[in-house]
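These are the residues of each chain, in order.
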Amino acid sequence: MVKNSQKVKRTKLTKSVIRPYLYLIPLFTFLIVFTYYPIARMFYLSLFQWGIGSKKVFIGIENYITVSTTPLFWQVVRNNIVFSFGSVFISVSLALFLAVLANKNLKFKGFYQSLLFYPHIIPLAVGALIWIWLFNPRQGLFNHLLGAEVNWLNSFELALPSLMVVQIWANMGYYFLLFLAGLQNLPASLYEVAELDGANSWQKFRHLTFPLISSTTFFVILLAIIHSIQSVDLVYLMTEGGPANSSNLIIYYLYTEAFRWWHLDIASTISSILFIVLLLLTALYFILLERKVYYA
Amino acid sequence: MRSQTRNKVWIFMEKNHVTTNLVLIITSAIIVIPLFWIIITAIKGPAEIFYRPFSLIPERFALFSNIAEAWSRAPFTNYYWNTVVVVMGLLVVQLIIAIPAAYAFARLEFKGKNLLFMIVLVKLMITAQSVLLPNYLLVSSLGLLDTKLAIALPYFSSPLAVLLFRQAFKQIPQEVVDAAEIDGCQGLKFIWHIGISLIKPMIVALSVISIVYHWNEFFWPMLVTDTAKARTLTIGLALFGLKGETGAEWTLTMAITIVVIIPLFFMFAVFRRQFINSFMQSGTTG
């Protein structure tokens, strides 16, 4: 009898010790096989000279030296900085401006929210198609409205700014919603005091809203930078990086190295660099998000 | 006298938010132009594009014939079916994998819990675009190129789902768990019979994010597929649109665009609040 109950107890105990791990096995299987292992392999492969079917030769950091001495790599990085800076600055400041305006008891607030937000829920690739049609030199609406005959996507100067327009269009409404949510958490009492002191709207924005919402602003900017690095769909569909690489961005460059020229060693190296940059940015984003959650 | 009228106008405008509404209407209108132009283009007859490219009221309503024509030129039925299978199948797998794991992280005690949870969180910081190449190499070495499975595999373990569900499981009062245990309902049984219904709002939120993200995804599915056998709608539409050189084909492309985005708009209309809240939480990943 005693023996039996001990046995039951023991199986119960082992069951409760093992159980949590059983629940985690599927998650970690896929996490390791389809995330961490491929990433580790990418870093490992970036240290070799290799290609499809050719033998791997260990060359240390030579691939990194090759990449960092390639002028095209730096041109692409520069393009990406211009693209990110331009699209982030315009979309975030416009979103903040509109959110401050809309943060009132407006009758049609929900309506505005939907109209500004809808581009974010349609596929970016489809957004790209729509804009190719709008930018069409002869039958496009854009030239018609401007009375111009500009070949937007084939122009050395205008290709990258044209992509920026699409990026801003696609994301501005999302940042607007994030700002609106942030603004709704600000204490109304402060504004009442400011109004009693006779502060005008600019002063209220400059000295109250802007400092109070700075944590939201930081994390929206960071999110926008991450979005702007990811916008490979636009480049692939709208310009293919051209003309003369004037609109080539980092992920598209990686794509051409890997899947057009099959320089898999160089591509692994670019991919490793990109991975680290994006990881740092997203880590910063989550740290800010965490702060916002706990201290706001 | 004049300054008084001006004052009155100013006060009226402040009170009724006239300027605010005006700015918002103009901005919204600019943002809506592309959508408006999709619809105008899609309902035009293909020939009309040539002689009346900018007319706002088409001569005849050709939306359905445009859709039918495009449908006959490319295997959109396949694309649609593939998309539904990938999106729904992936969502089910994500839930099956994430729910027990989230329960373990929220309610069970075990060694290495914090470390394991950190490993999950780090994945949240790895965006899909930065692992395109390694994932491609893996999928290709497994011989899975050009399959629906290849599109979904890297997303099976969803850290966002684990994070959201863990939060929800933590909010279940201990008494509920204890009471269920007395009735012999614990572990997976508890999760299945009681847990799921208690965390339902979070399941809906995650589903919205996952469906929209994967319905819309373009680059990864494009990389790993070659044929209509596995290709999804976004890719099919994009390739169809790129092939179109003349304006006539744009009426067909825009007609299909409407077919692609209507399910999303429908979901948005039904779950508007839910949608906006979900997107606030999702940020960088699906």
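Cut-off values and rules
Sequence order as written defines the numbering, with residues in each chain counted from 1. Going through the entries in the order they are written, you letter the chains from A and number the ligands from 1. Owing to the predicted nature of the model, reporting of local features is limited to residues with pLDDT of at least 70; listing and counting of side-chain atom pairs is limited to 80 or more, with chain, interface and lining totals taken over all residues. Processing note: side-chain calculations cover all non-hydrogen atoms of the structure and skip hydrogens and water entirely. Each helix corresponds to a stretch of at least 4 residues labelled H or I by DSSP, and each strand to a stretch of at least 2 residues labelled E; elements are numbered beginning at the N terminus. Radius of gyration: C-alpha atoms only; globule rule: 2.2 Å multiplied by the number of residues to the exponent 0.38. Classification of residues uses two cut-offs on accessible area relative to the type maximum, computed with a 1.4 Å probe and protein chains only: under 20% is buried, over 50% is exposed, and between them is partly exposed. In this analysis, two residues are considered to be in contact whenever any of their non-hydrogen atoms come within 4.5 Å of each other. For accessible areas, the Shrake-Rupley method is used with a probe of radius 1.4 Å. Any residue's cover is judged against the shown protein chains and nothing else. None of His or the chain ends enter the tally, which takes Lys and Arg as positive and Asp and Glu as negative. To locate a charge, take atom NZ for lysine, CZ for arginine, CG for aspartate or CD for glutamate. Here the quantity called buried area is the accessible surface, traced with a 1.4 Å probe, that two parts lose on coming together, added over both. By definition, a salt bridge exists where a carboxyl oxygen of Asp or Glu is found within 4 Å of a side-chain nitrogen of Lys or Arg. Whenever a nitrogen or oxygen atom comes within 3.5 Å of another N or O atom, the pair is scored as a polar contact, on the condition that within protein one atom can donate a hydrogen and the other can accept it, and that pairs from neighbouring residues in sequence are kept only if both atoms are in side chains. Charged residues are taken to be Asp, Glu, Lys and Arg, nonpolar residues to be Ala, Val, Leu, Ile, Met, Phe, Trp, Tyr, Cys and Pro, and polar residues to be all remaining types, Gly included. Between 30 and 60 degrees the pair is tilted, below 30 it is stacked and above 60 it is edge-to-face, where a pair is any two Phe, Tyr or Trp rings, Trp via its six-membered ring, whose centres lie within 6.5 Å. Domain borders in the structure are assigned automatically or taken from a domain database. A fitted line through C-alpha atoms represents every axis, and for helices the fit uses only the stretch in contact; the resulting angles, taken between N-to-C directions, go from 0 to 180 degrees. Throughout, the term roughly parallel applies to angles under 35 degrees, roughly antiparallel to angles over 145, roughly perpendicular to angles from 65 to 115, and oblique to all others. Left-handed is the label given to a crossing in which the near helix is rotated counterclockwise from the far helix by less than a right angle, and right-handed is the label when the rotation is clockwise. How far a helix is expected to stretch is found by multiplying one less than its residue total by 1.5 Å. The bend at a residue is defined as the angle formed between two axes, one fitted to the seven residues ending at that residue and one fitted to the seven starting there. Nonpolar core, defined: a set of buried Ala, Val, Leu, Ile, Met, Phe, Trp, Tyr and Cys residues in which side-chain atoms within 4.5 Å join the residues together.

With respect to the overall build of chain A
Reasoning step 1: The secondary structure content of chain A amounts to 13 helices and two strands.
Reasoning step 2: A compact globule built from 296 residues would reach a C-alpha radius of gyration of about 19 Å, whereas chain A, at 26 Å, exceeds it by more than 25%.
Reasoning step 3: C-alpha atoms of chain A, sized along the principal axes, occupy 85 × 60 × 35 Å.
Reasoning step 4: Here chain A holds 296 residues, and 51% of them are scored as buried.
Reasoning step 5: For chain A, contacts bridging at least 24 residues in sequence account for 68% of all contacts bridging at least 6.
Reasoning step 6: Accessible surface computed for chain A: about 14,800 Å², of which carbon and sulfur atoms make up 66%.
Reasoning step 7: Charged side chains in chain A number 20 positive and 11 negative. The centres of these two groups are separated by 23 Å.

Let's talk about the overall build of chain B
Reasoning step 1: Secondary structure assignment for chain B yields 16 helices and zero strands.
Reasoning step 2: Rg of the C-alpha trace for chain B: 25 Å, well past the compact-globule value of 19 Å for 286 residues, more than 25% over.
Reasoning step 3: Taking the principal axes of the C-alpha coordinates as reference, chain B spans close to 75 × 70 × 35 Å.
Reasoning step 4: When the 286 residues of chain B are sorted by exposure, 56% land in the buried category.
Reasoning step 5: The contacts in chain B between residues at least 6 apart in sequence include a share of 71% that link residues at least 24 apart.
Reasoning step 6: For chain B, the accessible area works out to roughly 13,100 Å², and carbon and sulfur atoms hold 67% of it.
Reasoning step 7: Distance from the positive charge centre (22 side chains) to the negative charge centre (14 side chains) of chain B: 8 Å.

Concerning the interface of chain A and chain B
Reasoning step 1: Taken together, the contact pairs 86 residues of chain A with 87 residues of chain B.
Reasoning step 2: Both faces considered, chain A and chain B share a buried interface measuring about 8,000 Å² in area, 78% of it formed by carbon and sulfur atoms.
Reasoning step 3: The tally of links from chain A across to chain B stands at zero salt bridges.
Reasoning step 4: Inspection of the region where chain A meets chain B yields 15 residue pairs in polar contact (both at pLDDT 80 or more).
Reasoning step 5: In terms of residues, the side of chain A that touches chain B owes the most to one element, helix 1 (residues 2-45) of chain A, which gives 20 residues.
Reasoning step 6: A per-class count over the side of chain A that touches chain B returns 66 nonpolar, 15 polar and five charged.

Re helix 5 (residues 124-134) of chain A
Spacing of three or four residues puts side chains on the same side of an α-helix, whose turn is 3.6 residues.
Reasoning step 1: With respect to burial, helix 5 of chain A is a largely interior element, 10 of its 11 residues being buried.
Reasoning step 2: Within helix 5 of chain A, burial applies to Ala125(A), Val126(A), Gly127(A), Ala128(A), Leu129(A), Ile130(A), Trp131(A), Ile132(A), Trp133(A) and Leu134(A).

What about the packing of aromatic side chains?
Reasoning step 1: Tallied over the full model, the rule gives 48 aromatic pairs over all chains.
Reasoning step 2: Ring centres 6.4 Å apart and planes at 50° place the aromatic pair Phe111(A) and Tyr112(A) in the tilted group.
Reasoning step 3: An aromatic cluster is defined as three or more aromatic residues linked by ring pairs; in this entry it consists of Tyr236(A), Tyr252(A), Tyr255(A), Phe259(A), Trp262(A), Tyr136(B), Phe218(B) and Phe219(B).

Observations regarding the domain arrangement of chain B
Residues and elements named next belong to chain B.
Reasoning step 1: Splitting chain B by domain gives domain 1 (2-69) and domain 2 (73-282).
Reasoning step 2: One C-alpha centre belongs to domain 1, the other to domain 2, and the line joining them spans 34 Å.
Reasoning step 3: Facing 14 residues of domain 1, the contacting portion of domain 2 comprises 15 residues.
Reasoning step 4: When the two sides are added together, the surface that domain 1 and domain 2 hide from each other amounts to roughly 1,100 Å², 82% of it contributed by carbon and sulfur.
Reasoning step 5: The three residues of domain 1 that bury the most area against domain 2 are Ile-38, Ile-67 and Glu-69, which together make up 41% of that side's buried surface.
Reasoning step 6: Counting across the interface, domain 1 meets domain 2 through one residue pair in polar contact (both at pLDDT 80 or more).
Reasoning step 7: Mapped by element, the contributors of at least two residues to the side of domain 1 that touches domain 2 are helix 2 (18-42), helix 3 (48-51) and helix 4 (63-73).
Reasoning step 8: Split into classes, the residues belonging to the side of domain 1 that touches domain 2 amount to nine nonpolar, three polar and two charged.

Quick notes on the domain arrangement of chain A
Residue and element names in this part refer to chain A.
Reasoning step 1: For chain A, the assigned domains are domain 1 (2-45) and domain 2 (64-295).
Reasoning step 2: A straight line from the C-alpha centre of domain 1 to that of domain 2 covers 41 Å.
Reasoning step 3: Contact between domain 1 and domain 2 buries roughly 450 Å² in total, counting both sides, with carbon and sulfur atoms accounting for 74%.
Reasoning step 4: The largest per-residue losses of area from domain 1 upon contact with domain 2 belong to Met-42, Phe-43 and Leu-45, which jointly make up 87% of the total buried on that side.
Reasoning step 5: In this structure, the connection of domain 1 to domain 2 is made through zero salt bridges.
Reasoning step 6: The tally of links between domain 1 and domain 2 comes to zero residue pairs in polar contact (both at pLDDT 80 or more).
Reasoning step 7: When grouped by side-chain class, the residues that make up the side of domain 1 that touches domain 2 number four nonpolar, no polar and no charged.

Section: the pattern of salt bridges
All names here are of chain B.
Reasoning step 1: Taken as a whole and judged by the stated rule, the model has four salt bridges over all chains.
Reasoning step 2: The partner of Glu-249 in a salt bridge is Arg-73, and the shortest N-O contact between them spans 3.4 Å. In this pair, Glu-249 is assigned in helix 15 (residues 247-270) and Arg-73 in helix 4, connecting sequence segments 176 residues apart.
Reasoning step 3: A relative accessible area of 44% means that Arg-73 is categorised as partly exposed.
Reasoning step 4: The closest approach of N and O atoms between Glu-109 and Lys-113, which form a salt bridge, is 3.5 Å.
Reasoning step 5: Taking the relative accessible area as the measure of exposure, Glu-109 reaches 65% and is therefore exposed.
Reasoning step 6: You can call Lys-113 buried: its relative accessible area is 16%.

Observations regarding the packing of helix 5 of chain A against helix 14 (residues 233-243) of chain B
Angle between the axes and distance between the axes are the two parameters that describe a pair of packed helices.
Reasoning step 1: Where helix 5 of chain A meets helix 14 of chain B, the axes come as close as 9 Å, and the angle between the chain directions of the two elements is 20°. Judged by the inter-axis angle, helix 5 of chain A sits roughly parallel to helix 14 of chain B. Of the two elements, helix 5 of chain A crosses helix 14 of chain B, and the hand of that crossing is left-handed. Within the contact between the two elements, helix 5 of chain A uses Ala125(A), Val126(A), Leu129(A) and Ile132(A) and helix 14 of chain B uses Thr234(B), Leu237(B), Ala238(B), Gly241(B) and Leu242(B).
Reasoning step 2: Taken together, the residues that form the contact of helix 5 of chain A with helix 14 of chain B break down as seven nonpolar, two polar and no charged.

With respect to helix 5 (residues 76-107) of chain B
Reasoning step 1: The terminal C-alpha atoms of helix 5 of chain B lie 46 Å apart, and with 32 residues this matches the ideal 46 Å at 1.5 Å per residue to within 8%.
Reasoning step 2: When the local axis directions of helix 5 of chain B are compared, the greatest deviation, roughly 25°, occurs at Ala98(B), which is followed within four positions by the proline Pro100(B).

Regarding the nonpolar core
Reasoning step 1: Core analysis: the largest hydrophobic core is formed by 190 residues, its most contacted members being Met238(A), Phe105(B), Phe165(B) and Phe169(B).
Reasoning step 2: Apart from residues lying up to four places away in sequence, Phe105(B) is in contact with Leu24(A), Leu27(A), Phe28(A), Phe110(B), Lys113(B), Leu116(B), Phe117(B), Val120(B), Val162(B) and Arg166(B).
Reasoning step 3: Listed in part, the five residues of the second largest apolar core include Ile39(A), Phe275(A), Ile126(B) and Val131(B).

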